[in-house]
Each structure stands twice: as C-alpha cells, then as structure tokens.
Amino acid sequence: MTSDDSSDGGAETEKRAAGAHRGERKASHRKEESADPREEPAVTAPATPAGRSQTRPAASSRTPEPRKHLPVWQESILLLAVALGLAVLIKALFVQAFYIPSESMEPGLVKDDRILVQKVSYWFGGSPQRGDVVVFEDPGEWLGATDTPAPTGLTGLLSKVGLYPTGGHLVKRVIGVEGDVVVCCDDEGRIEVNGQAIDESDYLGPDPGVCSAPISEDLTQAGDLAETELGGESGNPDDVQGQVRPCGWSVGPIPDDKLLVLGDNRGHSADSRVHLCGIDDDYCTQSPWVDEDLVVGKVFTLIWPQDRWRWISRPEAFADVPDGPSADLLATREGKRPDELGPS
C-alpha cells in the first residue's frame, strides 16, 4: 500500500467517526424532546465526600390511618350525658316547663295545661311588669298540701333536669308593682292602678263576681252597723261612703321589690286578696305580696294541649298606667300600712 492509499483510508475513518458522533447527539436530542414533561425528575442528593452524587426517588404521599370509632354503647352514653347537661343548663338559665295546678287562670290557662316559662326577660336588673303572667315559688302557705303533688319515679327525675313539667309553684298575673296603689273598683266594676282603670275583658274569667276583684266579706267592716253609726242614707253598708266593701277597697303603696298578683278567674283564685290584712286586724301575720326574688320567670307560651297552642304576651290594658300614684291618691292611704285594707 502506498502512502496516498494510507492517507485516504485515515481520512475515511475520521469521517465515519464524526458521522457516528453526530448521530449519537441527534438521537440523544430526540430522546430528550420525547420525554414526558409531566414526569417528575429525579432528586439529586448532595455530593458525597468522595465527590460522587447519588439520586433518590421523590417522596410519595402517605395514606392517613383510619380514625378509630368509639363503640356504640360508649357513644350512646356520651350523647346522653351531653343531652342531660344541656337540659340542666337550659332549665337553670333560659326556659323551664310547668303545668297549671288549678282553675285560677281560666279561661286562658286551664288546669293541667303545659306552659313554658322564660327567664331572660328578668336578667340584668329586669323585673316583672304589670300584666305579666308569672310563675313563682310559694311565698308562704299559699299552697295547700293537695296543691303541691311532687312528681315521683321517672317523672320526678326528669323534672329535676327540666325534661318534665315541674309542680309546687303558682301562676298568677301581675297587677301592681312597687310604689303602686291598687283600688277596687270604679263605677264600671274595673280595678284601678294608680288611678287608671284597667279593662281586663280580654282575659278575665266569665264569673269574677259583682266586680273584677271582689274580696271576702270576712275582710271588710261589719255589715250590720246602724244607719246613724255609718252615716248612710239607707242603712245598707254598700251605700256607705268610707267603708271597706267587697268591691270598695284599696291597698298600697306596694313595698319595694314586691308584687300584687291576681288570678284571671277571680271567683276561684286564692291570690293576693286572700292574704290582705282585714280591717279589724291589729297585727297581720300574713302578706299579700310576692317577693320578686321568688319569681321563676314569665310565661310566654302554652304548649299543651297541642290544639290550644299559642303565644302569651303582656296585654295592652296596662300600657297607660302611670308610673306612680297621684298625691291625692296617696293621701287616701295616709296612716295605713301598705297591706292594710282601706276604702276605695
């Protein structure tokens, strides 16, 4: 072989090597372009002390372990405890159920009706207002033994936590508040508060008596005095001015933080009138007043029977009552105790 042939062979070998190298570069470039762009690249770990690098796959998300559930019996006990706790809290602070113990609030509330009493109205210095129907604790021997049947057994337990109506309380309507002078009655038989006659026809029972709030004759002056002693024209005690009569009496001013309450069924209600001091009583041991601290709350709804369900609100009849009695009205009560009966 000549030197020219050797030179041509070397050049041919270099061309083939260069072409192979370009082919590898193109193949590598096509491989990079065809790679899936969504594929997550491998993570390169920091170089080792020896200068080598190593790769590791990206961390995959772990599936959380399922939560363990309480057994059914434990869940039931927990739910029952929460329900009882809420019932006690609601009864103590917000709403309490009662039933009507007698016919004294008919026709609006009938014996054994179920009612709800809310306590929020009397929070933060609030107090019962004229016309409110309130539930209160016994001020002292207002209830007889037959009027206070205590729930027993399961119903007794439920009443403790507010899940059953409670007994042993009274339900009446507030007629007078502290400072008021209450007089019975005007020429139309209406009771007066601070000189303002009250139209109670919307809620009063059908048979109140000869007027809207008569008192027992046992509390009035004797009715057999002679005409000359009484100064009357006919000798009839009902015609005599200045005498305390069943429909001619007055009380007040009502002491601070006290209430005068009456039932709507005046002919069948043992309310404040029963506990007034008689005209001949030198010393009266009973009291017609209800302390505001004894008031549980205001009746706001009748819930049972279902066909008589309704809201209960303060009537408009008391809206025009003055805040206090006039000087002339106070003068008629001068020299008398607030709970001592005087003439109208």
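Computed from a prediction, not measured in an experiment: that's the story for all the values here. (Residues numbered from 1 in each chain as written. Predicted model: local features only at pLDDT ≥ 70, side-chain atom pairs only at ≥ 80, totals over all residues. Heavy atoms only, no water.)

Caption draft 1: Structural context of the nonpolar core. Among the nonpolar cores identified, the biggest contains 24 residues, and Cys184, Ile191, Trp249 and Leu341 are the most heavily contacted of them. Those elements giving two or more residues to this core turn out to be strand E7 (182-184), strand E10 (249-251) and strand E11 (258-262). Of all hydrophobic cores here, the second largest spans 13 residues; its members include Phe98, Val117, Val133 and Val171. (Core = buried A, V, L, I, M, F, W, Y, C linked by side-chain atoms within 4.5 Å. Buried < 20%, exposed > 50% of the residue type's maximum accessible area, 1.4 Å probe, protein only. Helix = DSSP H or I, 4+ residues; strand = E, 2+ residues; numbered from the N terminus.)

Caption draft 2: Main features of the pattern of salt bridges. If you walk through the whole model with that rule in mind, you get 10 salt bridges. The salt bridge involving Lys258 is made with Asp291; its shortest N-O contact spans 3.1 Å. Taken together, the residues span a long stretch of sequence, with Lys258 in strand E11 and Asp291 in strand E12 (residues 290-291) at a distance of 33 residues. For Lys258, a relative accessible area of 24% corresponds to the partly exposed category. Across the pair Asp271 and Arg273 runs a salt bridge whose closest N-O atoms are separated by 2.9 Å. Each member of the pair, Asp271 as well as Arg273, carries the same accessibility label: buried. (Salt bridge = Lys/Arg side-chain N within 4 Å of Asp/Glu carboxyl O.)

Caption draft 3: Quick look at the state of the cysteines. What the rule picks out here adds up to 2 disulfides. What pairs with Cys184 in a disulfide is Cys185, and their sulfur atoms sit 2.1 Å apart. Here the disulfide of Cys184 and Cys185 is left-handed, its torsion about the S-S bond being about -80°. Take Cys184 and Cys185: they sit in the same class, and that class is buried. (Disulfide = S-S within 2.5 Å.)

Caption draft 4: The pairing of strand E3 (residues 95-99), seen in detail. Within E3, 4 of the 5 residues are buried, which leaves it mostly tucked inside the rest of the structure. Of the strand pairs in this sheet, E3 and strand E4 (residues 114-118) are connected by 5 bridges, and their pairing is antiparallel. Bridging across to E4, Val95 finds its partner in Gln118. (Pairing = 2+ DSSP bridges.)

Caption draft 5: View of the side chain of Lys172. Mapped onto the elements, Lys172 comes out in strand E6 (residues 169-176). Of the side chains with opposite charge, Asp271 lies nearest to the buried Lys172, which makes no salt bridge, at 5.4 Å. The residues touching Lys172, leaving out its near neighbours within four places in the chain, are Ser104, Met105, Asp132, Val133, Val134, Phe136, Val261, Leu262, Gly263, Ser269, Ala270 and Asp271. (Lys, Arg positive; Asp, Glu negative; His and termini not counted. Contact = heavy atoms within 4.5 Å.)

Caption draft 6: Summary view of a negative patch on the surface. The grouping of Glu178, Asp256, Asp257 and Asp293 at the surface amounts to a negative patch. Topologically, Asp293 is positioned in the loop between E12 and strand E13 (295-304). (Patch = residues over 30% accessible without salt bridge, like charges linked within 9 Å, V, L, I, M, F, W, Y side chains within 5 Å. Areas by Shrake-Rupley, 256 points an atom, 1.4 Å probe, with all protein chains shown as cover. Charge placed at Lys NZ, Arg CZ, Asp CG, Glu CD.)

Caption draft 7: Just the environment of Lys258, in detail. Sequence-wise, Lys258 and Gly176 are 82 residues apart; in three dimensions their C-alpha atoms are separated by 8.6 Å. Each residue touching Lys258, except ones within four places of it in the same chain, is listed here: Gly176, Val177, Glu178, Trp289, Val290, Asp291 and Glu292.

Caption draft 8: Layout of the packing of aromatic side chains. Scanning the entire structure with this criterion turns up 4 aromatic pairs. Between Trp123 and Phe124 the ring centres are 5.9 Å apart and the planes differ by 90°, which places this aromatic pair in the edge-to-face class. Take Trp123: its relative accessible area is 31%, and that puts it in the partly exposed class. The class of Phe124 is exposed, set by a relative accessible area of 82%. Ring geometry for Phe300 against Trp311: centres 6.1 Å apart, planes inclined by 25°, an arrangement best described as stacked. Taken as a pair, Phe300 in strand E13 and Trp311 in strand E14 (residues 310-311) lie far apart in primary sequence, 11 residues in all. (Phe/Tyr/Trp six-rings, centres within 6.5 Å; stacked < 30°, edge-to-face > 60°.)

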